[in-house]
Amino acid sequence: MFVVTGATGRTGRVVVDELLRAGRAVRAIGRDSQGLAPLAAAGAEPFVAEPTDRAALTDAFTGAEGVYVLVQPNYIPDSPDFPAHQRTIVDAMTAALSTAGVGRVVTLSSWGADKPAGTGPVVGLHQLEQQTNTLDAAVTHLRAGYFMENLLGQIETIRGAGVVAVPFDPDIAMPFIATADIGRAAAHSLLTPSAGSDIRELHGERDLSMAEVTEVIGTIAELPRLRYVQQSIEEFAAAQRRAGVSQNVTGLMVEVVHAINSRHTVTLQPRSPRTTTPTSIETFVAETLVPHLQSAFVTVAGRAARRSASGG
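As the structure is a prediction and not an experimental result, all values here were calculated from the model. (Residues numbered from 1 in each chain as written. Predicted model: local features only at pLDDT ≥ 70, side-chain atom pairs only at ≥ 80, totals over all residues. Heavy atoms only, no water.)

(A) A look at the overall build of the protein chain. Scanning the protein chain from N- to C-terminus turns up 11 helices and 12 strands. For a compact globule of 312 residues, the expected C-alpha radius of gyration is about 20 Å, and the protein chain comes in at 20 Å, within 12% of that figure. Dimensions of the protein chain along its principal axes, counting C-alpha atoms only, are 65 × 45 × 40 Å. Counting the 312 residues in the protein chain, one finds 49% classified as buried. Put simply, 76% of the contacts in the protein chain that link residues at least 6 apart link residues at least 24 apart. Surface exposure of the protein chain reaches about 13,900 Å², of which carbon and sulfur atoms provide 51%. (Helix = DSSP H or I, 4+ residues; strand = E, 2+ residues; numbered from the N terminus. Rg over C-alpha atoms; globule rule 2.2 N^0.38 Å. Buried < 20%, exposed > 50% of the residue type's maximum accessible area, 1.4 Å probe, protein only. Contact = heavy atoms within 4.5 Å. Areas by Shrake-Rupley, 256 points an atom, 1.4 Å probe, with all protein chains shown as cover.)

(B) Spatial organisation of the side chain of Q154. Looking at the element boundaries, Q154 is found in the loop between strand 7 (146-147) and helix 6 (155-161). Note on Q154: relative accessible area 10%, which makes it buried. Polar side-chain contacts of Q154 include one of 2.8 Å to the backbone nitrogen of A165. Setting aside its immediate chain neighbours within four residues, Q154 contacts V163, V164, A165 and V166. (Polar contact = N/O pair within 3.5 Å; in protein donor to acceptor, adjacent residues only side chain to side chain.)

(C) Structural context of the packing of aromatic side chains. Under the counting rule described, the total for this entry stands at 2 aromatic pairs. Where Y146 meets F168, the ring centres are 5.6 Å apart and the plane angle is 85°; that geometry is what we call edge-to-face. With Y146 in strand 7 and F168 in the loop between strand 8 (163-166) and strand 9 (174-177), the pair connects residues that are 22 residues apart, well separated along the chain. As far as the burial class goes, Y146 and F168 line up, both buried. Both rings, one in Y146 and one in F176, keep their centres 5.1 Å apart while their planes meet at 75°; by these two values the pair is edge-to-face. Taken together, the positions of Y146 in strand 7 and F176 in strand 9 put the pair 30 residues apart, joining distant regions of the chain. Relative accessible area serves as the criterion here: at 15%, Y146 is assigned to the buried category. These aromatic residues form a ring-pair network of at least three members: Y146, F168 and F176. (Phe/Tyr/Trp six-rings, centres within 6.5 Å; stacked < 30°, edge-to-face > 60°.)

(D) Spatial organisation of the pattern of salt bridges. Under the counting rule described, the total for this entry stands at 12 salt bridges. Across the pair E129 and R143 runs a salt bridge whose closest N-O atoms are separated by 2.7 Å. Here E129, found in helix 5 (residues 122-132), pairs with R143, found in strand 6 (residues 138-144); they are 14 residues apart in sequence, far enough to count as distant. E129 sits in the buried class, given a relative accessible area of 2%. Given a relative accessible area of 8%, R143 falls into the buried group. (Salt bridge = Lys/Arg side-chain N within 4 Å of Asp/Glu carboxyl O.)

(E) Representation of unusual backbone geometry in the model. Unusually for a residue other than glycine, E222 sits at a positive phi of about 55°. Positionally, E222 belongs in the loop between helix 8 (210-220) and strand 12 (227-230). Accessibility expressed as a relative area gives 67% for E222, which makes it exposed. In this structure, R263 takes a positive phi of about 65° despite not being glycine. Its place among the elements puts R263 in the loop between helix 10 (247-261) and helix 11 (281-309). The class for R263 is exposed, based on a relative accessible area of 53%.

(F) Geometry of the sheet that holds strand 10 (residues 198-202). Ordered in space as 3-2-1-4-5-6-10, the 7 strands form an open sheet in which the pairing is parallel. Sheet topology places strand 3 (45-48) and strand 10 at the edges, where each strand pairs with a single neighbour. The average angle at which neighbouring strand axes cross in this sheet is 20°, direction not considered. Set on the sheet, helix 5 makes contact with strand 4 (66-69), strand 5 (104-110), strand 6 and strand 10; between it and strand 5 the angle comes to about 160°. Against the sheet, helix 7 (residues 179-191) contacts strand 1 (2-4), strand 4, strand 5, strand 6 and strand 10, and its axis sits at roughly 165° relative to strand 6. (Pairing = 2+ DSSP bridges. Axes fitted to C-alpha atoms, helices over the stretch in contact; angles between N-to-C directions.)

(G) Geometry of the sheet that holds strand 9. In space, the 3 strands of this open sheet follow the order 7-9-11, with mixed pairing throughout. Single-partner strands in this sheet number two, and they are strand 7 and strand 11 (207-208).

Interpretation note: all reported values are geometric properties and have no functional meaning in isolation.
Written out as structure tokens, the structure is:
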């Protein structure tokens, strides 16, 4: 039996699906039974637990052949101390894995997790790696690149202003990866016997700059005038604060930008069949981003039509 934490999230859901497809028993951990219901219907055993609940996690991990460990990968926007939240999860997860005697662990880590400081929330994943390395277990750390799904946050900017606007240098190449590919790699790692611990970077299909990504979006979405605008750090931080993001989390997000732009955060392993994953940016844009973008255009057009019909 395998256990998947964060089972209702983007990577966790794929891990569950892949393990079930391989004919393996899966215990899926999530925060509530409603979110776990689709996975239970697919054949997984649902297990409700908070990621900070050491006792519940120990129960969930007991008897597991292997566990996929996920620490909060996304910011909690209003968190007053997001690193402390991460540390609490890391402490609970590693203690539960130790108490339950789990012999195989696969973690979702990140590029830049080799650094102990200066990488925003990736520092929490550095701590995850360090603590799980002390377990009496074969541990594989999957250091994933920059999520393609982060581009979905640009939908309204693309629709409303005809630009992609983030603070990354336009020509700096980043390892863009689809989260489904991470989930598939994690499931494969769990199913593959390992004699020892390992680090595997996941670079996506190819490295891309934001300027190149913008060009791909413009071509596939048939927006020939779409352009990339590099926000200043000050503009980026101010926009986050206006959106209700806490000062602590805004500071972490700014640190991520500095780390990537300065090349403090970089991939360390060479691109190879082992580090390369299949989903291209073209596939992601066509199958995921463009449908979201079209939905946004339709929604706005519908609102405008209703206002016109009502004389507003």
